[in-house]
Amino acid sequence: MNPYVLAILLSSLGLGTTLTFASSHWLLAWMGLEINTLAIMPLMAQHHHPRAVEATTKYFLTQATAAATILFASTTNAWTMGEWDITNLSHPLATTMIITALALKIGLAPMHFWMPEVLQGLDLLTGLILSTWQKLAPFALIVQVAPTIDPMLLTSLGLLSTLIGGWGGLNQTQLRKILAYSSIAHMGWMIIILQYTPQLTLIALGTYIFMTSAAFLTLKMASTTKINTLTTTWSKSPILATTTALAFLSLGGLPPLTGFMPKWLILQEMTKQDLPLTATIMALAALLSLYFYLRLCYAMTLTISPSTTNNNTPWRTNTTQTTLPLAISTVIALGLLPITPAILTLTT
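Keep in mind that what you see is a predicted model, and the values were worked out from it rather than measured. (Residues numbered from 1 in each chain as written. Predicted model: local features only at pLDDT ≥ 70, side-chain atom pairs only at ≥ 80, totals over all residues. Heavy atoms only, no water.)

Caption draft 1: The arrangement of the UniProt feature "transmembrane region" (unreviewed entry) in the protein chain in detail. Sites flagged by UniProt as "transmembrane region" (unreviewed entry) map to residues 57–81, 93–113, 152–171, 178–196, 202–219, 239–257, 277–294 and 324–344. Secondary structure content for residues 178–196 is 84% helix and 0% strand, while the C-alpha to C-alpha distance between its ends is 29 Å. Secondary structure content for residues 277–294 is 100% helix and 0% strand, and the end C-alpha separation is 26 Å. (UniProt positions renumbered as here; feature names shortened; annotations may be inferred. Helix = DSSP H or I, 4+ residues; strand = E, 2+ residues; numbered from the N terminus.)

Caption draft 2: Structural view of the environment of Ala-29. By secondary structure assignment, the location of Ala-29 is in helix H2 (residues 26–44). Using a relative accessible area of 0% as the deciding quantity, one classes Ala-29 as buried. Between the alpha carbons of Ala-29 and Thr-18 there is a distance of 9.5 Å; along the sequence they are 11 residues apart. Excluding residues within four positions of it along the chain, Ala-29 makes contact with Thr-20, Ser-23, Ile-86 and Leu-141. (Buried < 20%, exposed > 50% of the residue type's maximum accessible area, 1.4 Å probe, protein only. Contact = heavy atoms within 4.5 Å.)

Caption draft 3: The arrangement of the side chain of Ser-329 in detail. Inspection of the secondary structure assignment puts Ser-329 in helix H16 (residues 324–335). Note on Ser-329: relative accessible area 4%, which makes it buried. At 2.9 Å, the side chain of Ser-329 forms a polar contact with the backbone oxygen of Pro-325. Beyond its immediate stretch of four places on either side in the chain, Ser-329 contacts Phe-210, Ser-213, Ala-214 and Leu-217. (Polar contact = N/O pair within 3.5 Å; in protein donor to acceptor, adjacent residues only side chain to side chain.)

Caption draft 4: Layout of the domain arrangement of the protein chain. When the domains of the protein chain are assigned, the result is domain 1 (1–149) and domain 2 (151–306 + 323–347). Each of domain 1 and domain 2 has a C-alpha centre, and the two are 23 Å apart. Summed over both sides, the interface of domain 1 with domain 2 buries roughly 2800 Å², with 82% coming from carbon and sulfur. For domain 1, the biggest contributors to the area lost against domain 2 are Gln-120, Leu-124 and Phe-139; these three give 25% of the whole. (Domains from an automatic or database assignment. Buried area = accessible area lost by both parts, 1.4 Å probe.)

Caption draft 5: Representation of H16. With 12 residues, H16 extends 16 Å from end C-alpha to end C-alpha; this agrees with the ideal 16 Å at 1.5 Å per step. Looking only at H16, the buried set comprises Leu-326, Ser-329, Thr-330, Ala-333 and Leu-334. Axial view of H16: buried residues confined to an arc of 125°, hence all on one face. Of the exposed residues in H16, the ones pointing more than 90 degrees away from its buried face are Leu-324 and Val-331. (Expected span 1.5 Å × (residues − 1). Arc of directions from axis to C-beta.)

Caption draft 6: Just the packing of aromatic side chains, in detail. Evaluated as defined, the whole model comprises four aromatic pairs. Ring geometry for Phe-260 and Trp-264: centres 5.7 Å apart, planes at 10°, overall stacked. Here the residue Phe-260 and the residue Trp-264 both occupy positions in helix H14 (residues 260–272), the gap between them amounting to four residues, near one helical turn. The exposure class of Phe-260 is partly exposed, given its relative accessible area of 24%. Taking relative accessible area as the criterion, Trp-264 reaches 39% and is therefore assigned partly exposed. (Phe/Tyr/Trp six-rings, centres within 6.5 Å; stacked < 30°, edge-to-face > 60°.)

Caption draft 7: The side chain of Thr-218, seen in detail. Topologically, Thr-218 is positioned in helix H10 (residues 198–222). A polar side-chain atom of Thr-218 sits 3.0 Å from the main-chain carbonyl oxygen of Ala-215. With residues near it in sequence (within four places) discarded, Thr-218 still touches Leu-240, Thr-244 and Leu-326.

Caption draft 8: Molecular detail of the packing of helix H7 (residues 133–145) against helix H9 (residues 175–193). Running from N to C, H7 and H9 cross one another at 25°; their axes reach a closest spacing of 13 Å. Viewed along their axes, H7 and H9 adopt a mutual orientation that is roughly parallel. Handedness of the crossing formed by H7 with H9: right-handed. Contacts from Lys-135, Phe-139 and Ile-142 of H7 reach H9 at Ser-183, Met-187, Met-190 and Ile-191. Looking at the contact of H7 with H9 residue by residue, the classes come out as five nonpolar, one polar and one charged. (Axes fitted to C-alpha atoms, helices over the stretch in contact; angles between N-to-C directions. Parallel < 35°, antiparallel > 145°, perpendicular 65-115°, else oblique. Left-handed = near helix turned anticlockwise from the far one by under 90°. Nonpolar A, V, L, I, M, F, W, Y, C, P; charged D, E, K, R; others polar.)

Caption draft 9: Representation of a nonpolar patch on the surface within the structure. Together, Met-1, Val-5, Leu-6 and Leu-10 make up a nonpolar patch on the protein surface, roughly 310 Å² of accessible area in all. Tracing the backbone shows Val-5 in helix H1 (residues 3–22). (Patch = residues over 30% accessible without salt bridge, like charges linked within 9 Å, V, L, I, M, F, W, Y side chains within 5 Å. Areas by Shrake-Rupley, 256 points an atom, 1.4 Å probe, with all protein chains shown as cover. Salt bridge = Lys/Arg side-chain N within 4 Å of Asp/Glu carboxyl O.)

Caption draft 10: Inspection of unusual backbone geometry at higher detail. Residues Ala-109 and Pro-110 are joined by a peptide bond in cis, for which omega reads 0°. Checked against the element boundaries, Pro-110 lands in the loop between helix H4 (92–106) and helix H5 (114–120). Note the cis peptide between Pro-255 and Pro-256, where omega equals 5°. By secondary structure assignment, the location of Pro-256 is in the loop between helix H13 (238–252) and H14. The residue Ser-223 is not glycine, and still its phi comes out positive at about 50°. By the secondary structure assignment, Ser-223 is in the loop between H10 and helix H11 (227–230).

Caption draft 11: Focus on the packing of H13 against helix H15 (residues 276–302). Contact geometry for H13 and H15: axes closest at 8 Å, N-to-C directions at 175°. Relative to H15, the element H13 is oriented roughly antiparallel. Mapping the contact onto sequence places Ala-241, Thr-244, Ala-245, Phe-248, Leu-249, Leu-251 and Gly-252 in H13 and Ala-286, Leu-290, Tyr-293, Leu-294, Leu-296, Cys-297, Met-300 and Thr-301 in H15. Partitioned by chemical class, the residues of the contact of H13 with H15 number 12 nonpolar, three polar and no charged.

And the structure:
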């Protein structure tokens, strides 16, 4: 892609998100979401592959549906209550429609069906933008409207997302679909704690972004999109295979890695809020996710040379990819647990 066009598209992505962050009026927030959607679509379709075009079309239809619903709900709220302010959402029908539309935007269950299909049709870097940056603007709106939403609805969305994110990834062989289900499960963790401690939601979102970045950038470095090509990673680059396995375990939430911190804090907060059953279900759902991450680690680090693979081992070429973002995101994805007390001070 032409670098000037790429620069315009990436700056438009930044502009759309910033506009939604800065807005207190529904129309301005909606405009930011639309700029975001329109800016990423050329990036998604840039390879002119039928799957990429199909993924772009699916993404456009779901995002346009969500945006239209947000516009309709905010207009309904303004009509009945005379209020365009984001934080003053008071009409019950409007609040339910808004949270449904925002759940569709970020791929929360049961509005998650587009997410694995769309991610599967994209290259890894565009998939990374879709899994991280594109979540920020809708999440900013969800955090602002959360106090007006029925707590039962938020809890149901969170529980359903973690369970479906865990179940859906079990039978997958495509890494992008696995990461899509992982994203759905993580979104569930963030949504369920939102009504009690919004700061924990933001901590979970931050750690999720770094862990997912580490996962996508390592897969890009290893030129891998399927589980059976992961088996050749060890012979090419043992250190990369080791850090990738640890990044996947961090996504699964194993101590002493960064991914354990948000899960631990969220379960602790839910126990404090007298919700032991919900906390137990969430912890068990995390085990489902952990199983498919362990599958990836097994394929990558334990099935070396005697094992048979039908794949040709790619020749070890010098990569043109810059390794600094990968190094930074991997270090953050693996080593933040010791500074949990410092991060906890942000939530009090």
